[in-house]
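Examination of the molecular architecture
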Amino acid sequence: MSKADLRRLVDLTDQLNQYAYQYYVLDQPTITDAEYDQLYQELLALEAQYPDYVQADSPSHRVGMLAQSGLEKVTHETPMLSLANAFNQEDLARFVASSQAASEGPVTYVGELKIDGLSVSLRYQDGRLVQAATRGDGQIGEDITNNVRTIASVPLKLPEPLDIEVRGEIFMPKASFLALNQAREDQGLPTFANPRNSAAGSIRQLDSRITAQRKLDVFLYSGVFSPDLGLASQSQMLAQFKEWGFHINDQTRSLTGLADMWDFVEEMTSQRHDLPYDIDGIVFKVDDFDQQAQLGHTVKAPRWAIAYKFPAEEQATRIRDIEWT
Ligand SMILES: NC(=O)c1cnc(OC2CCCC2)nc1N
């Protein structure tokens, strides 16, 4: 392999990853699909010619791999906790009172949309994605690394050689869900009931080439990392994750207490149907990590977070449920 070919292969890999980041994470495409495709074809040709030089973060990993026999089990070194629920303003008032009583100093909160998908853990070693796993029961999940590699907004390589685990929610955007169900109807296949079910089915595929066609996405919202990184709060962590190229939800708010928590609930209750993804509530978290540590967690859930759940909507009559005769 000539030095010029190797340089071209590496440059194309980096360029295409940058274009994909602009398109899928920043939602600000900088080249046309045709230009991207032309560069991508040039890279595929070089990779076919020099398979030993395919880069770990090559976009050609996004198309998925051959079928596996089954999903391996993965043990979470740090358990993936679940969330206690709140159903009304009184429940939130209790959460605010108890979190303030058990913390030193004033407590501020972060409000995050509760994405209706499935939790995932992404482990990076030396800045490269080495493993992705479902939450499972919080202790044991399933290895979905090959499938997660096909999710365009998941960085395969970080800008720094970090050893870090980040956690978030994999979801299927409403547009992808509608297109998928339309295609399945056209093929006489059963349709999925909702985006969450279709995301769960898509991310647990044994053949990640199928996952690659499902156009999944992910928002990251927590992590397991060394205190050396100097991240002191949820809001600071999210800003740093964004800088590292992770997809972070843009509706996250800093909140001072019950009043603006409830304002946020009311605002998102009216806006939720206009969002391009399903949410089933709002997650409120104590912002400061030291205060989170003071509050600790029960076996199942942190005391420093709570999930306000939107009231279940009476299922609007589906057009096909109407008796026309
Ligand atoms: N579905 C979500 O959008 C969501 C889920 N979980 C969390 O936080 C974890 C981290 C600590 C316990 C729960 N945040 C979220 N935004």
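Please refer to the structure higher up on the page.
Everything numeric here is computed off the predicted structure, so don't read it as measured data.

Our next topic: the sheet that holds strand 9 (residues 253-255). Read from one edge to the other, the open sheet built from 5 strands follows the order 2-11-10-3-9, with strand pairing classed as mixed. Edge positions in the sheet fall to strand 2 (85-86) and strand 9, since each has one partner strand and no second. Two elements, strand 10 (residues 279-286) and strand 11 (residues 305-309), share 5 bridges in a ladder whose sense is antiparallel. In the strand pairing of strand 11, phenylalanine 284 is matched with isoleucine 306.

Enumeration according to the criterion identifies 11 salt bridges in this entry. In this structure, lysine 114 and aspartate 280 form a salt bridge, with 3.3 Å as the shortest nitrogen-oxygen distance. Linking lysine 114 in strand 3 (residues 109-115) with aspartate 280 in strand 10, this pair joins segments that are 166 residues apart in sequence. The exposure classification of lysine 114 matches that of aspartate 280, with both residues buried. Taking the shortest distance from any N to any O, the salt bridge between arginine 209 and aspartate 207 comes out at 3.0 Å.

In this section: the packing of helix 3 (residues 89-101) against helix 9 (residues 258-271). Viewed as axis vectors pointing N to C, helix 3 and helix 9 meet at an angle of 140°, and their least axial separation amounts to 10 Å. The angle between helix 3 and helix 9 falls in the class oblique. The handedness of the crossing between helix 3 and helix 9 is right-handed. Side by side, helix 3 and helix 9 meet where Gln89, Leu92, Ala93, Phe95 and Val96 of the first sit next to Leu258, Met261, Trp262 and Val265 of the second. By residue class, the composition of the contact of helix 3 with helix 9 is 8 nonpolar, 1 polar and no charged.

In this section: helix 2 (residues 33-49). With 17 residues, helix 2 extends 24 Å from end C-alpha to end C-alpha; this agrees with the ideal 24 Å at 1.5 Å per step. Taken together, the buried positions of helix 2 are Leu39, Tyr40, Leu43, Leu46 and Glu47. The buried residues of helix 2 occupy an angular sector of 120° when the element is viewed end-on, so they sit on one face. Exposed side of helix 2, more than 90 degrees from the buried face: Ala34, Gln38, Ala48 and Gln49 are the residues found there. Each element contacted by the buried residues of helix 2 is listed here: helix 1 (3-25).

Bringing the nonpolar core into the picture now. Membership of the largest hydrophobic core comes to 35 residues, with the highest contact counts inside it found for Leu122, Tyr124, Val148, Ile170, Phe241 and Phe246. Those elements that provide at least two residues to this core are strand 4 (118-125), strand 5 (128-134), strand 7 (164-171), helix 5 (174-186), helix 6 (195-203), strand 8 (217-224) and helix 8 (234-243). The element that contributes the greatest number of residues to this core is strand 4, accounting for 4 residues. Within the second largest apolar cluster, 28 residues are counted, among which are Phe95, Val107, Tyr277 and Trp304.

Turning to a nonpolar patch on the surface, a few remarks are in order. Judged by side-chain polarity, Met1, Leu6 and Tyr53 come together as a nonpolar surface patch covering roughly 240 Å² of accessible area. Here tyrosine 53 is to be found in the loop between helix 2 and strand 1 (73-75).

Our focus in this paragraph is the packing of aromatic side chains. The geometry of two aromatic rings is summed up by the distance between their centres and the angle between their planes. Going through the model one piece at a time under the given rule, you end up with 14 aromatic pairs. Geometrically, the ring pair formed by tyrosine 36 and tyrosine 40 is stacked, given 6.2 Å between the ring centres and 20° between the ring planes. In this pair, tyrosine 36 and tyrosine 40 are both assigned in helix 2, 4 residues apart and thus about one turn of the helix distant. By relative accessible area, tyrosine 36 is classed as partly exposed at 22%. On the numbers, 6.4 Å between centres and 85° between planes, the contact of phenylalanine 225 with phenylalanine 241 is edge-to-face. Of the two residues, phenylalanine 225 is situated in the loop between strand 8 and helix 8 and phenylalanine 241 in helix 8; the sequence distance between them amounts to 16 residues.

Quick look at unusual backbone geometry now. In this structure, aspartate 27 is a non-glycine residue whose phi angle is positive, near 60°. Even without glycine at this site, aspartate 126 takes up a positive phi of about 55°. Tracing the backbone through its elements, the reader meets aspartate 126 in the loop between strand 4 and strand 5.

What counts, and where the lines are drawn
- Residues numbered from 1 in each chain as written.
- Predicted model: local features only at pLDDT ≥ 70, side-chain atom pairs only at ≥ 80, totals over all residues.
- Heavy atoms only, no water.
- Pairing = 2+ DSSP bridges.
- Helix = DSSP H or I, 4+ residues; strand = E, 2+ residues; numbered from the N terminus.
- Salt bridge = Lys/Arg side-chain N within 4 Å of Asp/Glu carboxyl O.
- Buried < 20%, exposed > 50% of the residue type's maximum accessible area, 1.4 Å probe, protein only.
- Axes fitted to C-alpha atoms, helices over the stretch in contact; angles between N-to-C directions.
- Parallel < 35°, antiparallel > 145°, perpendicular 65-115°, else oblique.
- Left-handed = near helix turned anticlockwise from the far one by under 90°.
- Contact = heavy atoms within 4.5 Å.
- Nonpolar A, V, L, I, M, F, W, Y, C, P; charged D, E, K, R; others polar.
- Expected span 1.5 Å × (residues − 1).
- Arc of directions from axis to C-beta.
- Core = buried A, V, L, I, M, F, W, Y, C linked by side-chain atoms within 4.5 Å.
- Patch = residues over 30% accessible without salt bridge, like charges linked within 9 Å, V, L, I, M, F, W, Y side chains within 5 Å.
- Areas by Shrake-Rupley, 256 points an atom, 1.4 Å probe, with all protein chains shown as cover.
- Phe/Tyr/Trp six-rings, centres within 6.5 Å; stacked < 30°, edge-to-face > 60°.

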